[in-house]
Amino acid sequence: MKIQGIKREWSHPIFCMKNHYCPYCNERLEKTKTETVVNSKSEEAKNYDFSNGDGFLVGNTKFIRTVFRCNKCDKTFTIKEVKENDIAINRWK
């Protein structure tokens, strides 16, 4: 599969700099990257932003996103999932 473009998505950079903990075991989560190749004409494309400032990426595009990983549970969480967990924890304090 030939890659026609690469896009690094930066969402909530300040949030990503803080410490976050696993909702299952309370172990500190490690920040890492995940790569996904999405074709701009696929059904999955509606979940991705193909704009690049000057126009739009077309074809097979590699998206690189920040995710959080728990090494103890061997689970991976999106930024959205970690934010939702942090909100839930703060509600019960």
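Conventions adopted
- Residues numbered from 1 in each chain as written.
- Predicted model: local features only at pLDDT ≥ 70, side-chain atom pairs only at ≥ 80, totals over all residues.
- Heavy atoms only, no water.
- Patch = residues over 30% accessible without salt bridge, like charges linked within 9 Å, V, L, I, M, F, W, Y side chains within 5 Å.
- Areas by Shrake-Rupley, 256 points an atom, 1.4 Å probe, with all protein chains shown as cover.
- Salt bridge = Lys/Arg side-chain N within 4 Å of Asp/Glu carboxyl O.
- Helix = DSSP H or I, 4+ residues; strand = E, 2+ residues; numbered from the N terminus.
- Buried < 20%, exposed > 50% of the residue type's maximum accessible area, 1.4 Å probe, protein only.
- Contact = heavy atoms within 4.5 Å.
- Polar contact = N/O pair within 3.5 Å; in protein donor to acceptor, adjacent residues only side chain to side chain.

Novice: Sorry, what's going on with a nonpolar patch on the surface here?
Specialist: There is a patch of nonpolar side chains on the surface, built from Met-1, Ile-3, Ile-6 and Val-37 and spanning about 410 Å² of accessible area. Tracing the sequence through the fold places Met-1 in the segment before β1 (5-8). Taking the relative accessible area as the measure of exposure, Met-1 reaches 78% and is therefore exposed.

Novice: Can you help me understand the environment of Val-67 in this one?
Specialist: Of note, Val-67 is situated in strand β3 (residues 60-70). A relative accessible area of 8% places Val-67 in the buried class. Those residues in contact with Val-67 that lie beyond four places of it in its chain are Glu-30, Lys-31, Thr-32, Lys-33, Thr-34, Thr-76 and Phe-77.

Novice: Would you mind showing me how to read the environment of Thr-66 here?
Specialist: Position of Thr-66 relative to the elements: it lies in strand β3. In this structure Thr-66 comes out as buried when scored by relative accessible area, which is 13%. When the C-alpha atoms of Thr-66 and Asn-26 are compared, they prove to be 20 Å apart, with 40 residues separating the residues in sequence. Ignoring sequence-local partners within four residues, the contact set of Thr-66 consists of Arg-8, Cys-16, Lys-31, Thr-32 and Ile-79. Side chain to side chain, Thr-66 and Arg-8 meet in a polar contact 3.2 Å long.

Novice: Would you mind going over the pattern of salt bridges with me for this structure?
Specialist: When the charged atoms of two side chains with opposite charge come close together, those side chains can pair. Per the counting criterion, the structure on display carries five salt bridges. Taking the shortest distance from any N to any O, the salt bridge between Asp-74 and Arg-69 comes out at 2.0 Å. According to the relative accessible area criterion, Asp-74 is exposed, its value standing at 52%.

That is the geometry; function is a separate question.
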